[in-house]
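Chain residues, written in single-letter form:
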Amino acid sequence: MRWFVTGGAGFIGSNFVRLVLQERPDVEIVNYDALTYAGNLENLADVSDHPRYRFVRGRIQDEASVREAMAGGVDAVVNFAAESHVDRSIVGAMPFIETNVVGTQVMLDVARQAGVSRFVHVSTDEVYGSLGPQGAFTESTPLAPNSPYSASKAASDLLVRAAWHTHGYPTVITRCSNNYGPYQFPEKLIPLMISNALDDKPLPVYGQGANVRDWIHVEDHCRGILAIVERGRAGEVYNLGGRSERANLDVVREILRQLGKSESLIRYVKDRPGHDLRYAIDCTKAESELGWTRTWDFTAGLAQTIRWYRDHADWWRRVRDGSYQKFYDLWYADR
Ligand code: NAD
Ligand code: DAU
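Residues numbered from 1 in each chain as written. Chains lettered and ligands numbered in written order. Predicted model: local features only at pLDDT ≥ 70, side-chain atom pairs only at ≥ 80, totals over all residues. Heavy atoms only, no water.

Student: Tell me about the overall build of the chain, and name the residues and values.
Tutor: Looking only at helices and strands, one finds 12 helices and 12 strands in the chain. Relative to its length of 335 residues, the chain is compact, with a C-alpha radius of gyration of 19 Å against a globular reference of 20 Å. Projected onto its principal axes, the C-alpha positions of the chain cover 55 × 50 × 40 Å. With 335 residues in all, the chain has 55% of them scored as buried. Taken as a whole, the chain presents about 13,700 Å² of accessible surface, with 51% of it coming from carbon and sulfur. Taking the 38 positively charged and 42 negatively charged side chains of the chain as two groups, their mean positions are separated by 2 Å. (Helix = DSSP H or I, 4+ residues; strand = E, 2+ residues; numbered from the N terminus. Rg over C-alpha atoms; globule rule 2.2 N^0.38 Å. Buried < 20%, exposed > 50% of the residue type's maximum accessible area, 1.4 Å probe, protein only. Areas by Shrake-Rupley, 256 points an atom, 1.4 Å probe, with all protein chains shown as cover. Lys, Arg positive; Asp, Glu negative; His and termini not counted. Charge placed at Lys NZ, Arg CZ, Asp CG, Glu CD.)

This is the structure we're talking about:
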């Protein structure tokens, strides 16, 4: 079997590629990735020579390039590729439209025309908008995205839904809550706070730090996606979540506590415009239908993540100063 993974050089995609290579001996992976600022082949350096792994550099919105990379046959597409950071979408939305919206439609068209019989689209709980203090998103919560990022993901979800309803193309959508774990780009809350704290730099908390997210370890998310690739029903949406709601300030304090650093590093800064107050996911459907459940406890998962960032300071320092981008030229110079 050959699976075509887009965005496999990013945070979640690279964890997924490694998991599949380890646990599914009959699956070959084509990792198709543009290597934007967030894509880093170093994330998969340990499997780069694996006999069932192949990397192709390309953008998902380039139809001819996607078609060529799929030549030889593909059994499933897992579409991770996206512009993923809310703050960047506030500064400039166009790359989000080009990749998340146009790119998803190109992937759907090429995969359908190539006869790929499974298309899993990796989406986010942010498409549901924001919650008050009570309740949780279910798969039937109406879409009400608030940021350019989440609006672009909601648009892509609707295109995926349309491919199923109009063409009978067997798509599945996953909507997950906030991930944390190894290889996350240090622009996102948890790796940013860990890396700044390790360097005794200020930790910028938006507003009062009262916004709530539901945290899931990336390995649990990847296992949920794997279950959905293998057993998810066509035309369905599956929520995935960590059942670990935390206010941002509590997350930051826990990081400082585990690192033995002072809370005086916390800086309250100007809030994110349109900042969603609270996300919470009801993932009963995935749990009962697929037998999937999250296994990482948040405090233990955070400790493992902190250890990883402590042990891989070279990785996040290179990522932060952009020099990891040179890795690609170096790596492929003699290949
Ligand atoms: P990431 O930013 O770490 O990685 C994105 C990857 O996509 C990078 O490797 C990048 O090079 C690649 N990419 C970007 N534009 C591309 C293009 N036009 N063509 C091909 N490749 C391109 O993102 P992530 O956090 O790993 O998220 C992966 C997916 O999961 C995204 O679709 C995101 O919306 C979704 N998601 C993320 C979270 C989270 O907490 N991080 C939660 C739920 C869902
Ligand atoms: O819910 C799933 C989504 O989670 C994914 O779809 C997105 O790709 C992913 O980036 C994430 O979005 P968030 O906006 O929730 O994640 P971020 O890490 O940017 O922020 C988490 C919370 O922390 C949010 O309330 C904003 C806050 N924050 C973030 C940063 C970067 C701060 O207080 N300070 C910061 O410096």
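Student: Kindly report on the site of ligand 2, identifying the contributing residues and their values.
Tutor: The environment of ligand 2 is formed by 25 residues, the closest being D125, E126, Y149, R272 and H275. E126 has a polar side-chain atom sitting 2.7 Å from an oxygen atom of ligand 2. Note that an oxygen atom of ligand 2 is positioned 2.8 Å from one of the backbone N or O atoms of L189. Across the complex, the protein chains shield 94% of the 690 Å² of accessible surface that ligand 2 would expose by itself. Elements with a contribution of two residues or more to the shell around ligand 2: α3 (86-91), α6 (189-198) and β8 (203-206). The class makeup of the residues in the shell around ligand 2 is 10 nonpolar, 8 polar and 7 charged. (Near = heavy atom within 4 Å. Polar contact = N/O pair within 3.5 Å; in protein donor to acceptor, adjacent residues only side chain to side chain. Nonpolar A, V, L, I, M, F, W, Y, C, P; charged D, E, K, R; others polar.)

Student: An account of a nonpolar patch on the surface is requested, with residue identities and associated values reported.
Tutor: A cluster of nonpolar side chains, namely M94, I97 and V102, defines an oily patch on the protein surface of about 250 Å² accessible area. Within the secondary structure layout, M94 lies in helix α4 (residues 94-113). For M94, a relative accessible area of 51% translates into the label exposed. (Patch = residues over 30% accessible without salt bridge, like charges linked within 9 Å, V, L, I, M, F, W, Y side chains within 5 Å. Salt bridge = Lys/Arg side-chain N within 4 Å of Asp/Glu carboxyl O.)

Student: So what's going on with unusual backbone geometry? Which residues, and what values?
Tutor: Backbone geometry at L35 places phi at a positive 55 degrees, although glycine is not the residue there. Even without a glycine there, the phi angle at R243 is positive, about 50 degrees. Assignment of secondary structure puts R243 in the loop between β10 (237-240) and β11 (245-247). Residue R243 is classed as partly exposed on the basis of its relative accessible area, which comes to 44%.

Student: I'd like a rundown of the sheet that holds strand β6 (residues 171-176), residues and numbers included.
Tutor: If you trace the 7 strands from one edge of the open sheet to the other, you get β3-β2-β1-β4-β5-β6-β10, paired in parallel fashion. Bordering the open sheet on either side are β3 (53-57) and β10, each of which pairs with just one other strand. With direction set aside, neighbouring strand axes in the sheet form an average angle of 20 degrees. Strands β5 (119-124) and β6 of the sheet are contacted by helix α5 (residues 148-167), whose axis makes an angle of about 155 degrees with β5. (Pairing = 2+ DSSP bridges. Axes fitted to C-alpha atoms, helices over the stretch in contact; angles between N-to-C directions. Contact = heavy atoms within 4.5 Å.)

Student: Can you explain the packing of aromatic side chains? Please cite residues and give values.
Tutor: For any pair of aromatic rings, the description rests on two quantities: the centre-to-centre distance and the angle between the ring planes. A full pass over the atoms with the stated rule returns 14 aromatic pairs. Judged by centre distance (5.3 Å) and plane angle (55 degrees), the ring pair of F16 and F80 falls under tilted. Within this pair, whereas F16 is found in helix α1 (residues 11-23), its partner F80 is found in the loop between β4 (76-79) and α3, the two being separated by 64 residues in sequence. Just as F16 is buried, F80 falls in that class too. A ring pair is formed by Y183 and W308, whose centres lie 4.7 Å apart and whose planes are at 55 degrees; its orientation type is tilted. Taken together, the positions of Y183 in the loop between β7 (178-180) and α6 and W308 in helix α10 (residues 298-311) put the pair 125 residues apart, joining distant regions of the chain. (Phe/Tyr/Trp six-rings, centres within 6.5 Å; stacked < 30°, edge-to-face > 60°.)

Student: An account of the pairing of β5 is needed here, citing residue identities and associated values.
Tutor: Summarising burial for β5: 6 of the 6 residues are buried, a large majority. Neither face of β5 is left uncovered, since the one carrying F119, H121 and S123 and the one carrying V120, V122 and T124 both have all their residues buried. Here β4 runs beside β5; their pairing, made up of 3 bridges, is parallel. Directly across from V77, in β5, lies its bridge partner F119. Where β5 lies against β6, 6 bridges are found, and the strand directions are parallel. If you follow T124 over to β6, its bridge partner there is C176. You can see the chain leave β5, run along α5 and come back into β6, and the turn it takes is right-handed. (Right-handed = clockwise from strand over helix to strand, strands pointing away.)

Student: Any chance you could break down the pairing of β4 for me, citing the residues and the numbers?
Tutor: Neither face of β4 is open: one carries A76 and V78, the other V77 and N79, and all of them are buried. Taken together, the 4 bridges between strand β1 (residues 2-6) and β4 define a ladder with parallel strand orientation. By the bridge assignment, W3 is partnered in β4 with A76.

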